Amino acid sequence: MSHLEARKPPLFISEPLSKDKVSQSLSLLSGILKSCYGPAGRLKQLHNGVGGCVCTTSQSAAILSCLPVSHHVLRVLTASVQNHVSRFSDCGLFTAILCCSLIENFKSLNVAPCTVAKISKHLLSLCMAYLKSEACGCRVSVDFGSVETLLCLVRSVLTSKPACMLNKAEVDHLSTLILKAFMFTVPCHVETHAVLGKCTVVPVKYRRVEDSTVLPGLLIETPEIHLAKPLTVKRTYSNTIKIAVFCVSMSGDCFSPEEGTVTVHCGISLETSELNQLLNVGKQLVNDEVGLVVCQKVIHPSLKQYLKENQVIAVDRAGLSLMEPLSRMTGSKPIASIHSLSPSCYGSLEDVRVESFGSKRFVHLIPKDTVVCSLILCNRNETAWDELKRACETAEHVLQLTIKEPLALLGGGCTETHLASYIRHKSRSLSTSSFKDLDCSRTQYQLVADGFCRSLESVACSLNHDGGEILTDMVYGHCWFVPSGFSSVFNWSDLVSKCGCGIHGNTETLGWRLLQGQFGSPFTQGCPGEPSGKVSDFLALDCFAAKCSGIQVALETANLILDLSYVIEDQN
């Protein structure tokens, strides 16, 4: 008889944030994330200790998915940030760092968590109202009639990922390609609801970044295609190429046991029957003037040969990921059975060519109307390529979000310091009735507001990894970085030339304070509603939708964690 263990009672952990182990883990996680932040962020190598590949990255999506988090409080934080990243792709580190700072600053206040939550929600509403108002001094409008602001957005995403190992020329080249690829996916003719197309990334590793390019249509890797031989493809009377797309195997395999029992009469060969059916499909495709057959899985060699003899190009092993963009680009409907073939499922193409990149050969499918394109992405090694692919996908998503809401926020820490100055100014001018509505005192409100502003400023401080001083000016509330090695005896105006985002230069009397100071200066009305610098002079822009969501997610998650009274853990 086997040994039976009595069930253990659940473990109750009261006030989890008061435990030293949780505080130390939170501080450690915050330190790791802060050290990764920004263009000068330090890289992290993540390895699971029992084998597998080593991940070298500074991106939140990769770090949080690979980093083991043991405590339940931290799991709430990381899950919340990962959910934000899955929706917006950008501002993951910003959200996580802000959330950690909010927890640390709010926890140190002698204010009840429920009061902190009420006040912080009011502060959040002030932030969102300001960011969405025309008077906001830390946002810019994005004009899709000009590429300058769009290029700044893409360039900011790429430069914030140091593991991509890109120089300025490579960043400029890739920014242009990503923007070009995005423009390919924007439909030219919109009737009611605009639906963006698809950009597929084609990996070409161990090549120069400058070899990257973008092509309209789709590339399908076909190692068996010979470059020396010209493609001969059957065309219709209208000089287009008819295409059939199959999402079912055409290998002629017998039925798998999972599909049920098959009764076969004596003398009947299943393999021969399947092959005959495939050849019948091939005859119908030839009769219907199909010039290209693309199969998600494998095509039987005999069927391939038959199609080739009749000037029909057969491409197999296309993969599941290409089925949706291929169907959309050609207008075809994926055929799910070799026993029923309808001519209404066919699509059409403008042309088919053979392309070569590095040692790889591709069939290039060129559509009549381009809403699908292929980004041939090159980088020097596999680690840098993986990081670059994530960065390019993030940049594409940022452009998609921006076309829905054509706004951007100033980067380089300037939005955070500007917003902190604004909140300090607003919190000092609130009426007595506001405190009554929030059921708090003026002192409590000021304490929470100052903790909120210091948290925003700590995110801006995280951009500095070289030990220099960080300033904010008294006019615009922007962030300025002083090179390391200079003490406060120097005149700050002699040490800084441009603010973090690059919109303001040191051309006027601004007045300075150290950002690390506990109490900030009040927001002044000198901040312009519209940026005075040229768009081309911007050094950094952030995605408006992603950063607004990041502020909201960070604050709501911090309040949730601060309100945790018990953690109940099943020990069985």
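What you see is a predicted model; the values in this text were computed from it and never measured.

1. A closer look at the nonpolar core
One finds L77, I103, F106, L123, L131, Y445 and F452 to be the most contacted residues of the largest nonpolar core, which totals 123 residues. Shared between two domains, this core holds at least three residues of each, these being domain 1 (11-138 + 410-569) and domain 2 (143-217 + 377-405). If near-sequence neighbours (up to four positions away) are discounted, F452 is found in contact with L102, F106, L123, C127, I423 and L555. Listed in part, the 22 residues of the second largest apolar core include L218, I220, L349 and V352.

2. Section: the pattern of salt bridges
Tallied over the entire structure, the rule returns 21 salt bridges. Of the charged contacts in the structure, one is a salt bridge between K205 and E382, with a shortest N-O distance of 3.6 Å. In this pair, K205 sits in strand 5 (residues 198-205) while E382 sits in helix 11 (residues 382-404), placing the two residues 177 residues apart along the sequence. We note a salt bridge from R353 to D351, for which the minimum N-O separation is 3.3 Å.

3. Quick look at the packing of helix 5 (residues 113-131) against helix 12 (residues 414-428)
Axes are the key here: two packed helices are described by the angle between their axes and the distance separating the axes. For the pair helix 5 and helix 12, the least separation of the axes is 11 Å and the interaxial angle reads 120°. One finds that helix 5 runs oblique with respect to helix 12. In this structure, helix 5 crosses over helix 12, and the sense of that crossing is right-handed. For the pair helix 5 and helix 12, contact is made by L123, L126, C127, Y130 and L131 and by H418, L419, Y422, I423 and K426, respectively. Classifying every residue of the contact of helix 5 with helix 12 by side-chain character gives 8 nonpolar, 1 polar and 1 charged.

4. Considerations on the sheet that holds strand 6 (residues 213-216)
Each strand in a sheet pairs with its neighbour through backbone hydrogen bonds, running either in the same direction (parallel) or in the opposite one (antiparallel). Strand order in this open sheet of 3 strands is 5-14-6, and the pairing throughout is mixed. With partners counted over all chains shown, the strands left at the sheet margins are strand 5 and strand 6, one partner each. Here the strands of the sheet are splayed against their neighbours by 20° on average, with no regard to which way each runs. Taken together, the 8 bridges between strand 5 and strand 14 (residues 372-379) define a ladder with parallel strand orientation. What sits directly across from V204, in strand 14, is C378. Packed onto the sheet, helix 11 meets strand 5 and strand 14 and runs at close to 145° relative to strand 14.

5. Observations regarding the pairing of strand 9 (residues 290-295)
Counting buried positions along strand 9 gives 6 out of 6 residues, so the element sits mostly inside the fold. Both strand 8 (residues 241-246) and strand 9 contribute to a ladder of 5 bridges, which runs parallel. Note on strand 9: the bridge partner recorded for I243 is L292. Both strand 9 and strand 10 (residues 313-315) contribute to a ladder of 3 bridges, which runs parallel. Across the sheet, residue V294 finds its bridge partner in strand 10, namely V315. As a crossover connection, the stretch from strand 9 through helix 9 (residues 301-309) into strand 10 is right-handed.

6. Some points on the confidence of the model for the protein
Interpreting fine coordinate detail is not advised for predicted regions of low pLDDT. The predicted model of the protein has a mean per-residue pLDDT of 86, with 89% of residues at 70 or higher. Across the protein, the secondary-structure element scoring lowest on mean pLDDT is strand 1 (residues 11-14), at 68, and the one scoring highest is helix 15 (residues 544-562), at 96. Every residue in residues 517-531 scores below 50 in pLDDT, and together they form 38 contacts with partners more than four places removed in sequence or on other chains.

7. Focus: helix 7 (residues 168-185)
The first and last C-alpha atoms of helix 7 sit 26 Å apart over 18 residues, in line with the 26 Å expected at 1.5 Å per residue. Residues of helix 7 that are buried: E170, V171, L174, S175, L177, I178, L179, A181, F182 and T185. Against helix 6 (148-159), strand 5, strand 6, strand 14 and helix 11 lie the buried residues of helix 7. You can read the cap of helix 7 off the contacts: a side-chain oxygen lies 3.2 Å from the backbone nitrogen of A169, and it is on N167.

Cut-offs used in this document
Within each chain, residues carry numbers counting from 1 in the order of the written sequence. Only residues with pLDDT of at least 70 are given local features in this predicted model, and only at 80 or more are side-chain atom pairs given and counted; all residues enter the totals for whole chains, interfaces and linings. Excluded from the side-chain calculation are hydrogens and water; included are all heavy atoms of the structure. Among buried residues, the Ala, Val, Leu, Ile, Met, Phe, Trp, Tyr and Cys ones that are joined through side-chain atoms within 4.5 Å form a nonpolar core. Three exposure classes are used, based on accessible area relative to the maximum for each residue type with a 1.4 Å probe and protein chains only: buried under 20%, partly exposed in between, and exposed over 50%. Note that the domain bounds reflect an automated or database-derived domain assignment. Contacts are residue-level and defined by heavy atoms, with any inter-residue pair within 4.5 Å sufficient. One side-chain nitrogen of Lys or Arg within 4 Å of one carboxyl oxygen of Asp or Glu is enough to make a salt bridge. A helix here means a DSSP run of H or I that spans at least four residues, while a strand means a run of E at least two residues long, and both kinds are numbered starting from the N terminus. To obtain each axis, a line is fitted to C-alpha atoms, and for helices this fit is confined to the stretch in contact; angles are then taken between N-to-C directions over 0 to 180 degrees. Roughly parallel here means an angle under 35 degrees, roughly antiparallel means over 145, roughly perpendicular means 65 to 115, and every remaining angle is called oblique. Crossings are assigned a handedness: left-handed for a near helix turned anticlockwise from the far helix by less than a right angle, right-handed for a clockwise turn. Only Asp, Glu, Lys and Arg are considered charged in this grouping, and only Ala, Val, Leu, Ile, Met, Phe, Trp, Tyr, Cys and Pro are considered nonpolar; every other residue, Gly among them, is considered polar. Two strands make a pair as long as DSSP finds a minimum of two bridges between them. Viewed with both strands pointing away, a crossover whose connecting path from the first strand over the helix to the second turns clockwise is right-handed. You can read pLDDT as the predictor saying how much it trusts each residue, on a scale of 0 to 100. For a helix, the expected span equals 1.5 Å multiplied by the residue count minus one. Side-chain atoms alone can form a polar contact between residues adjacent in sequence; in general such a contact is a pair of N or O atoms within 3.5 Å, and within protein one must be able to donate a hydrogen while the other accepts it.

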